[in-house]
Amino acid sequence: MLLSEVGYARPATLEQALGVLGENLGARALAGGQTLINVMKARAAAPDALVDLNGIPQLKGIELGSDGTLEVGPMTTYTELIASSEARARPILAEVCAQIADVQVRNRGTIGGNICSSDPTNHLPPVMVAIGAQMTIVGSNGERTVPADEFFLGVYMTAVGPGELLTKITIPPGRSDGFASVPIGVDGTCIVNAAASANGELRVALGCVGAVPELVRPASAEPEAVREAVRSAGIDPPGDVHASADYRRHLAEVVAARAVEQASKRARE
Amino acid sequence: MEGNGAHRAVETSRTISVEVNGTTYEREVESRRLLVHLIRDDLDLTGTHVGCDTGNCGACSVIFDGTLVKSCMLLAVQADGASIETVEGLAEEEQLNGLQQAFNDHHALQCGYCTPGMLMSATALLRHSPTPSNEEITRAIQGNICRCTGYWNIVKAIKAASGQEVDE
């Protein structure tokens, strides 16, 4: 398919990328392109220019701190994260990345792309919210850090503004996490998903039920307490060809309870 | 290219140099051109197919700098300096390679449209995992859709190509 005419730049450093993005407010960052290129084919997005981040080594890689904190470069691909020995410090990350699409998409798609596209059906936004990740954003006004539960602003919208880039994802230590979903086919798009974290407080983030992940804090890890917390969150999920709103509301309780069960099991190990 | 300032400029076309199956090509391409169209239309390597054009079917799969990708979801300009393998690179001097012969022997294709992508996915798999299990094979071809075979003969062919016993 022929895309609409678009400019292309391939900066070699973060500073150059920010420069090009700052000078071209109609430009968009191109990460793995596994969403954006298709969105452009469908004419649902028509950026003036693409700023390809694939030539910037400082946006790649995973570092494990001595306290167990992980720093993930947003241009790290799913495949790289799955293979990373450092990322095993927070096992849920590789487990969820291995459920995304297929080999080809995982080879090219990136952690930062999944997060920044903020598609409500994506896997990583609820995971980031549940585990309390911190997002480092850099722009012409310098650097700031935004917690994941304030990062997602709407469908396809995040705290990363025009001329800015997500440069680092900081993940606190912890192993007692869970994830559950009902996808369209194995490893397909999620109809509903939920991520849970039981490291200290119990946090559950529901995906696919609203514009951004819905954070709920069940009173206990008992399945009925989790389901009650989801019910009282007052979610208003969309209905479509795959699931009615009522069915999604039901599934949200089911996957939340399953994610918490997995997280609690890990907490006991 | 890098170091002379060209990497900063926003361009609607550029001249790229790309190696495909061991041959280096230089072409001027528009920034909007998809990699699959560079391969098929500019380089006339029409073994790589366009199926769905939405990143779902995998018929356009190629190996890009050692990793399997769908060439309808990359821009041609992103291939500047890259080394690409397509289905045309598999046969050795007009002789089908072992994997291709196994597809033939095990009736792993009917219409053949998905076959180039299947072969590239299987090639990538066998490099990482020389004797894959059925589970590994099915996961490896998860991104490749076949509407004819029901997949089982493809799994058998890949298994046979890896030198393992196959139940017929």
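The rules we used
Residues numbered from 1 in each chain as written. Chains lettered and ligands numbered in written order. Predicted model: local features only at pLDDT ≥ 70, side-chain atom pairs only at ≥ 80, totals over all residues. Helix = DSSP H or I, 4+ residues; strand = E, 2+ residues; numbered from the N terminus. Rg over C-alpha atoms; globule rule 2.2 N^0.38 Å. Buried ≥ 20, exposed ≤ 12 C-beta atoms within 10 Å, placed from the backbone. Contact = placed C-beta atoms within 7 Å. pLDDT = per-residue confidence, 0-100. Pairing = 2+ DSSP bridges. Axes fitted to C-alpha atoms, helices over the stretch in contact; angles between N-to-C directions. Domains from an automatic or database assignment. Nonpolar A, V, L, I, M, F, W, Y, C, P; charged D, E, K, R; others polar. Expected span 1.5 Å × (residues − 1). Core = buried A, V, L, I, M, F, W, Y, C linked by C-beta atoms within 7 Å. Parallel < 35°, antiparallel > 145°, perpendicular 65-115°, else oblique. Left-handed = near helix turned anticlockwise from the far one by under 90°.

## Considering the overall build of chain A
Each helix and strand in chain A was counted, giving 10 helices and 14 strands. Over its C-alpha trace chain A gives a radius of gyration of 18 Å, about what one expects of a compact globule, namely 18 Å for 269 residues. Put simply, chain A has 269 residues, and 51% of those count as buried. Pairs at least 24 residues apart make up 60% of the contacts formed inside chain A by residues separated by at least 6 positions.

## Some thoughts on the confidence of the model for chain B
Reading predicted coordinates in detail is not appropriate for stretches of low pLDDT. When the pLDDT values of chain B are averaged, the result is 95; 95% of them are 70 or greater. Contacts from residues 1-6 of chain B, a stretch scored under 50 in pLDDT, to residues over four places away or in other chains number 4 contacts.

## Quick notes on the sheet that holds strand β13 (residues 201-207) of chain A
All names here are of chain A. Here we have 4 strands laid out as an open sheet, ordered β11-β12-β13-β14, and antiparallel in their pairing. Among the strands making up the open sheet, the edge pair consists of β11 (177-183) and β14 (214-216). In this sheet, neighbouring strand axes are inclined to one another by 15° on average, regardless of whether the strands run parallel or antiparallel. Of the strands in this sheet, β11, β12 (190-199) and β13 touch helix α10 (residues 245-268), which is tilted by about 30° from β12.

## So, the domain arrangement of chain A
Residues and elements named next belong to chain A. Split by domain assignment, chain A resolves into domain 1 (7-52), domain 2 (64-171) and domain 3 (177-268). One C-alpha centre belongs to domain 2, the other to domain 3; they are set 19 Å apart. On the domain 3 side, the residues contacting the 22 residues of domain 2 number 21 residues. Breaking the side of domain 2 that touches domain 3 down by element, the ones donating at least two residues are α4 (92-97), α7 (124-131) and β8 (152-154). Among the elements that take part in the side of domain 2 that touches domain 3, α7 stands out by supplying 6 residues, more than any other. By residue class, the composition of the side of domain 2 that touches domain 3 is 14 nonpolar, 5 polar and 3 charged.

## Things to note about the domain arrangement of chain B
Residue and element names in this part refer to chain B. When its domains are assigned, chain B resolves into domain 1 (13-89) and domain 2 (98-161). Each of domain 1 and domain 2 has a C-alpha centre, and the two are 21 Å apart. Between domain 1 and domain 2, the residue contacts involve 14 residues of the former and 12 residues of the latter. In terms of residues, the side of domain 1 that touches domain 2 owes the most to one element, strand β3 (residues 61-64), which gives 3 residues. The residue inventory of the side of domain 1 that touches domain 2, partitioned by class, reads 7 nonpolar, 7 polar and no charged.

## Things to note about helix α3 (residues 115-128) of chain B
Residue and element names in this part refer to chain B. A rise of 1.5 Å per residue sets the reference length of α3, with its 14 residues, at 20 Å; its end C-alpha atoms lie 20 Å apart and thus fit the reference within 8%. Counting buried residues along α3, 11 of its 14 residues qualify, which places the element largely inside the surrounding structure. Those residues of α3 that sit buried are T115, P116, G117, M118, L119, M120, S121, A122, T123, A124 and L125.

## Let's talk about the interface of chain A and chain B
Facing 31 residues of chain A, the contacting portion of chain B comprises 28 residues. Contributions of two or more residues to the side of chain A that touches chain B are made by β1 (7-9), α1 (14-23), α2 (36-41), β3 (49-52) and α5 (103-108) of chain A. With 5 residues, α5(A) is the largest single contributor of residues to the side of chain A that touches chain B. Each residue belonging to the side of chain A that touches chain B can be placed in one class, and the counts come to 13 nonpolar, 11 polar and 7 charged.

## Some thoughts on the sheet that holds strand β5 (residues 83-85) of chain B
All names here are of chain B. The 5 strands lie next to each other as β2-β1-β5-β3-β4, forming an open sheet whose pairing is mixed. Every other strand in the sheet has two partners, leaving β2 (23-30) and β4 (67-70) as the edge strands with one partner each. Recorded for the sheet is a direction-independent mean angle of 40° between the axes of neighbouring strands. For β3 and β5, the ladder comprises 2 bridges, and the chain directions are antiparallel. Each residue of the ladder has a partner; that of F64, found in β5, is I84. Of the strands in this sheet, β3 and β4 are in contact with α3, which crosses β3 at around 35°.

## Regarding the nonpolar core
Residues and elements named next belong to chain A. One finds V51, A194, V204, A256 and A259 to be the most contacted residues of the largest nonpolar core, which totals 131 residues. Counting residues per element, this core draws most heavily on α10, at 8 residues. If near-sequence neighbours (up to four positions away) are discounted, A194 is found in contact with P126, A180, V204, A205, L206, G207, A252, V255, A256 and A259.

## Structural notes on the packing of helix α2 (residues 98-105) of chain B against α3(B)
Residues and elements named next belong to chain B. Contact geometry for α2 and α3: axes closest at 10 Å, N-to-C directions at 125°. Put simply, α2 runs oblique to α3. When you trace α2 past α3, the crossing you get is right-handed. Contact with α2, carried on its side by L99, Q100 and F103, involves T115, L119, A122 and T123 of α3 and no other residues of that element. Residues belonging to the contact of α2 with α3 are distributed by class as follows: 4 nonpolar, 3 polar and no charged.

## Overview of unusual backbone geometry
Keep in mind that most residues, glycine aside, have a negative phi and that most peptide bonds are trans. Residue and element names in this part refer to chain B. One non-glycine residue, N21, lies in the positive phi region at around 50°. Counting through the fold element by element, N21 comes out in the loop between β1 (13-20) and β2. In this structure N21 comes out as partly exposed when scored by C-beta crowding, with 15 C-beta atoms within 10 Å. Despite not being glycine, Y151 has its phi angle at roughly 75°, a positive value. Considering the arrangement of structural elements, one finds Y151 in the loop between α4 (134-140) and α5 (152-161).

## Quick notes on helix α1 (residues 35-42) of chain B
Residue and element names in this part refer to chain B. Within α1, burial applies to L35, V36, H37, L38 and I39. On the buried face of α1, the contacting elements are β1, β2 and β3. In the stretch just after α1, D44 is the one whose phi turns positive, near 60°.

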